[in-house]
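# Summary of structural features
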Amino acid sequence: AQKVTQAQTEISVVEKEDVTLDCVYETRDTTYYLFWYKQPPSGELVFLIRRNSFDEQNEISGRYSWNFQKSTSSFNFTITASQVVDSAVYFCALSEPPYSGTYKYIFGTGTRLKVLA
Amino acid sequence: EAGVTQFPSHSVIEKGQTVTLRCDPISGHDNLYWYRRVMGKEIKFLLHFVKESKQDESGMPNNRFLAERTGGTYSTLKVQPAELEDSGVYFCASSQSTVPPLHFGNGTRLTVT
């Protein structure tokens, strides 16, 4: 069965610290997508990244970086030099092939990140 | 470009009443999705429209929920009659193609008392 686990419910860091948000997934398929979304206090889910299962290259975008390891079924997200504006709930999600014609997201329960000034 | 817009942002109703949630997708996006998060649980898929047709409604919890997308533009999700367990945040999302990523709205927080 498909499942996404975000074991860290809440993390607090002091501004400028680095922080890693963990995401572990389970799937029976060899083809799938992984995602990270940010939910700031406004409530909107903001798309951050999509990674397909055949691309294990790590990605860096500014202070954000993602580490995808198929061997451990993990897709971790690191924020370098965290800022107060990074405070939000972060969701990891998995999407398998569209057997019904629909790419359905399987979400983790989210990690609330608090960055303290 | 305007994002996905949802109305209302918050709704409080009594058990047994009816509530209608509305979603305006990003202009030109044929694919529209409804997801919801009930308290403390994961965000879960409800259904997927391609234009005005329901592609997949396997996540709809029961027949008290009715989703429509007349004309293939905005969508409504009606809950009738509402039950306490329907409380949660209802998200709408849209995409240009069936391949993700999805672009989500701010959600509608529904509270049934």
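What you see is a predicted model; the values in this text were computed from it and never measured.

The rules we used
- Residues numbered from 1 in each chain as written.
- Chains lettered and ligands numbered in written order.
- Predicted model: local features only at pLDDT ≥ 70, side-chain atom pairs only at ≥ 80, totals over all residues.
- Heavy atoms only, no water.
- Phe/Tyr/Trp six-rings, centres within 6.5 Å; stacked < 30°, edge-to-face > 60°.
- Buried < 20%, exposed > 50% of the residue type's maximum accessible area, 1.4 Å probe, protein only.
- Helix = DSSP H or I, 4+ residues; strand = E, 2+ residues; numbered from the N terminus.
- Lys NZ or Arg CZ within 6 Å of the ring centre and 35° of its normal.
- Disulfide = S-S within 2.5 Å.
- Contact = heavy atoms within 4.5 Å.
- Buried area = accessible area lost by both parts, 1.4 Å probe.
- Salt bridge = Lys/Arg side-chain N within 4 Å of Asp/Glu carboxyl O.
- Polar contact = N/O pair within 3.5 Å; in protein donor to acceptor, adjacent residues only side chain to side chain.
- Pairing = 2+ DSSP bridges.

### Here's the deal with the packing of aromatic side chains
Applying the stated rule across the entire model yields 26 aromatic pairs over all chains. Centre to centre, the rings of Y64(A) and W66(A) are 6.0 Å apart; their planes meet at 85°, and the pair counts as edge-to-face. What makes W66(A) buried here is its relative accessible area of 4%. Ring centres of F107(A) and Y35(B) lie 5.9 Å apart, and the angle between their planes is 85°; on these two criteria the pair is classed as edge-to-face. Of this pair, F107(A) sits in strand β11 (residues 105–107) while Y35(B) sits in strand β4 (residues 31–38), each in a different chain. For F107(A), a relative accessible area of 2% gives the class buried. Y35(B) sits in the buried class, given a relative accessible area of 0%. An aromatic cluster is present here, built from Y33(A), F35(A), Y37(A), F47(A), F91(A), Y103(A), Y105(A), F107(A), Y35(B), F45(B), F91(B) and F104(B) joined pairwise through their rings. If you follow R22(B) out to its NZ or CZ, it ends over the ring of Y74(B), 3.8 Å from the centre.

### Side note on the state of the cysteines
Residues and elements named next belong to chain A. One pass over the full model with this rule turns up 2 disulfides over all chains. Covalently, C23 is tied to C92 through a disulfide, its sulfur atoms 1.9 Å apart. Because the torsion about its S-S bond is -65°, the bridge between C23 and C92 counts as left-handed. Here C92 lies in strand β10 (residues 88–95) and C23 lies in the loop between β3 (19–21) and β4 (24–26), a separation of 69 residues in the sequence.

### What to know about the interface of chain A and chain B
Listed as interface residues are 21 residues of chain A and, on the opposing side, 19 residues of chain B. When residues of chain A are sorted by the area they lose upon contact with chain B, Y103(A), Y105(A) and F107(A) head the list and together hold 27% of the total. Counting every contact that joins chain A to chain B gives 1 salt bridge. Counting across the chain A and chain B interface gives 10 residue pairs in polar contact (both at pLDDT 80 or more).

### With respect to the pairing of strand β8 (residues 75–79) of chain B
All names here are of chain B. For β8, a buried count of 4 out of 5 residues is recorded, marking the element as mostly surrounded by other parts of the structure. Judged from the 5 bridges that link them, strand β3 (residues 19–24) and β8 form a sheet pairing that is antiparallel. Bridging from a neighbouring strand, V19 pairs with V79 of β8. Where strand β7 (residues 65–68) and β8 come together, 4 bridges link them in antiparallel fashion. Following the sheet pairing, A67 is matched in β8 by L77. Joining the antiparallel neighbours β7 and β8 is a turn of 6 residues, in which G71 adopts a positive phi near 80°.

### Remarks on the pairing of β10(A)
Residues and elements named next belong to chain A. The buried fraction of β10 amounts to 8 of the 8 residues, a majority that puts the element mostly inside the structure. Neither face of β10 is exposed, since A88, Y90, C92 and L94 on one face and V89, F91, A93 and S95 on the opposite face are all buried. With 7 bridges joining them, strand β5 (residues 33–39) and β10 adopt antiparallel strand pairing. By the bridge assignment for β10, Y33 is matched with S95. Judged from the 3 bridges that link them, β10 and β11 form a sheet pairing that is antiparallel. For L94, the partnering residue across the bridge sits in β11 and is I106.

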